[in-house]
Amino acid sequence: MTVPIAIIGTGIAGLCAARALQDAGHAVKLFDKSRGSGGRMSSKRSDAGALDMGAQYFTARDRRFVNEVQRWQSNGWAEQWKPQLYNFKSGQLTPSPDEQIRWVGTPRMSAITRALLDDLPVEFGCRITEVFQGKQHWNLLDADGGNHGPFSHVVIATPAAQATALLAAAPKLASAAAGVKMDPTWAIALAFDQPLDTPMEGCFVQDSPLDWLARNRSKPGRDTTLDTWVLHATSAWSKAHLDLPKEAVIEHLHGAFAELLHSAMPAPSFSLAHRWLYARPSSAHEFGVLADADLGLYVCGDWCLSGRVEGAWLSGQEAARRLIEHLQ
Ligand code: FAD
Ligand code: NAI
């Protein structure tokens with residue numbers, strides 16, 4: 001019997017590791033506590049169409065990731081997004097064009113992770129609470145008391161805090177993961193029946209509760225019936241208002257958006273809010289991957305590198321490479 005490798009987390013890091021392991025001839029089995037794949041690269045289906053509430057776009061600077069993104073593009077999963085960019089600072093909104101290439105999933109961000117998942121065996125709605133060693137192999141316990149296994153190795157591809165909780169068998173890895181703090185981000189989406197009177201399609205924001213805003217429908221392949229916007233609060237504002245009810249978050253950030261545009265803003269015909277508890281690492285790290293090859297435990301995710309989609313992908317890649325190397 002082939003004993004598969006367990007992968008906890010179906011964000012871009014876990015899926016990248018899963019694909020690389022499967023391509024090298026290893027059986028894998030994925031688990032995710034959510035109802036679908038993508039993690040922070042997922043998109044929310046709503047009455048206003050699919051909305052990218054987490055990662056907004058991604059850049060590719062490492063040659064390996066550049067090649068992978070080109071593959072995604074030729075498969076029709078990703079396209080360049082060329083927004084009219086603005087910068088908001090000290091109350092001034094100014095155009096801020098640049099030459100940076102920015103990518104998005106098409107027709108929604110989650111198209112990429114959905115395509116990478118393809119027909120890999122996965123169990124959704126399954127929150128893993130314990131990773132423990134049997135006689136020869138690894139087993140997983142879930143929040144409903146279910147037992148999964150045996151597995152030859154375990155790849156943990158979750159945000160740092162969630163990884164720490166799963167690393168009782170490897171105290172050194174647990175303490176490294178516990179040292180990585182991650183900050184929250186409140187995200188809201190607003191949709192307007194009449195397009196807002198601005199050419200802006202993306203904006204980097206300073207001196208405001210807002211950090212970033214994007215005209216969701218300006219991304220390629222999106223539903224354009226309504227004028228949809230996604231707004232992200234800064235880490236500081238999100239931390240200070242972590243337990244604010246969603247309606248109050250929407251009201252505050254909608255107000256900050258009106259201030260930025262210096263205009264009376266119409267009431268949105270649709271709105272929603274999402275709180276990302278572990279949105280971004282508070283500081284940069286260069287682990288690449290945390291591994292105990294003798295135990296057969298590997299930990300990857302954006303927080304092991306740049307805290308961006310590219311960092312997550314590279315970390316997943318590195319976890320798979322290290323595991324495969326150890327098996328040779
Ligand atoms: P995740 O995507 O978080 O995947 C982890 C998965 O593990 C999740 O699906 C989760 O449900 C699952 N999980 C966690 N615990 C358990 C458990 N116990 N059992 C089972 N499953 C579990 N990056 C960019 O490059 N550009 C951007 O513009 C950008 N904007 C962002 C905006 C926001 C608001 C946020 C939140 C992130 C943004 N990022 C951006 C960062 C980017 O989204 C992440 O770096 C990347 O998606 C992380 O991927 P990952 O696989 O490491 O983790
Ligand atoms: P990038 O190169 O477009 O942006 C990096 C940073 O450079 C921006 O945050 C911004 O401060 C600045 N910048 C870039 N172009 C600019 C322009 N034309 N005008 C003014 N400022 C500009 O993309 P990269 O390096 O891939 O970063 C990804 C983005 O994702 C960043 O904006 C980052 O803040 C965001 N992110 C947000 C998270 C969250 O939780 N809200 C989590 C992780 C990333």
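Residues numbered from 1 in each chain as written. Chains lettered and ligands numbered in written order. Predicted model: local features only at pLDDT ≥ 70, side-chain atom pairs only at ≥ 80, totals over all residues. Heavy atoms only, no water.

- The chain is annotated in an unreviewed UniProt entry as Renalase from Pseudomonas antarctica.
- Note on the chain: under the UniProt heading Function (unreviewed entry), the record states "Catalyzes the oxidation of the 1,2-dihydro- and 1,6-dihydro- isomeric forms of beta-NAD(P) back to beta-NAD(P)+. May serve to protect primary metabolism dehydrogenases from inhibition by the 1,2-dihydro- and 1,6-dihydro-beta-NAD(P) isomers."
- One UniProt comment on the chain, placed under Cofactor (unreviewed entry), says "FAD". (UniProt positions renumbered as here; feature names shortened; annotations may be inferred.)

**Let's talk about the UniProt feature "binding site: FAD" (unreviewed entry) in the chain**
- The UniProt entry lists Ala13, Asp32, Lys33, Arg40, Gln56, Tyr57, Ile128, Asp302 and Val309 under the feature "binding site: FAD" (unreviewed entry), expressed in the numbering used here. The named residues occupy 297 residues along the chain; their greatest pairwise C-alpha distance, 29.1 Å, places them well apart from one another.
- For Gln56, the location among the structural elements is in the loop between strand S4 (49-52) and helix H2 (63-74).
- The exposure class of Gln56 is buried, given its relative accessible area of 6%.
- Those residues in contact with Gln56, other than ones at most four positions away along the chain, are Trp81, Val104, Met109, Trp212, Ala214, Lys219, Val230 and His232.
- Relative to the helices and strands, Asp302 is located in the loop between strand S20 (297-299) and helix H8 (309-327). (Helix = DSSP H or I, 4+ residues; strand = E, 2+ residues; numbered from the N terminus. Buried < 20%, exposed > 50% of the residue type's maximum accessible area, 1.4 Å probe, protein only. Contact = heavy atoms within 4.5 Å.)

**Description of helix H7 (residues 246-261)**
- If you check H7, its first and last C-alpha atoms are 23 Å apart, about what 16 residues at 1.5 Å a residue would give, namely 22 Å.
- Looking at H7, one finds that the buried residues are Val249, Ile250, Leu253, His254, Ala256, Phe257, Ala258, Leu260 and Leu261.
- Of the residues flanking the end of H7, it is His262, one or two places downstream, whose phi is positive at about 50°. (Expected span 1.5 Å × (residues − 1).)

**Here's the deal with the nonpolar core**
- Counting residues in each nonpolar core, the largest one holds 46 residues, and the members touching the most others are Leu21, Phe58, Trp72, Ile112 and Val155.
- Within the residue set of this core, elements represented by two or more residues are strand S1 (5-8), helix H1 (12-23), strand S2 (28-31), H2, strand S8 (103-105), helix H3 (110-117), strand S16 (210-215) and H8.
- Ranked by the residues each element gives to this core, the list is headed by H8, at eight residues.
- Contact partners of Phe58, with chain neighbours within four places excluded, come to Met41, Phe65, Val69, Trp72, Ile101, Arg102, Trp103, Val104, Gly105, Met109, Ile112 and Val309. (Core = buried A, V, L, I, M, F, W, Y, C linked by side-chain atoms within 4.5 Å.)

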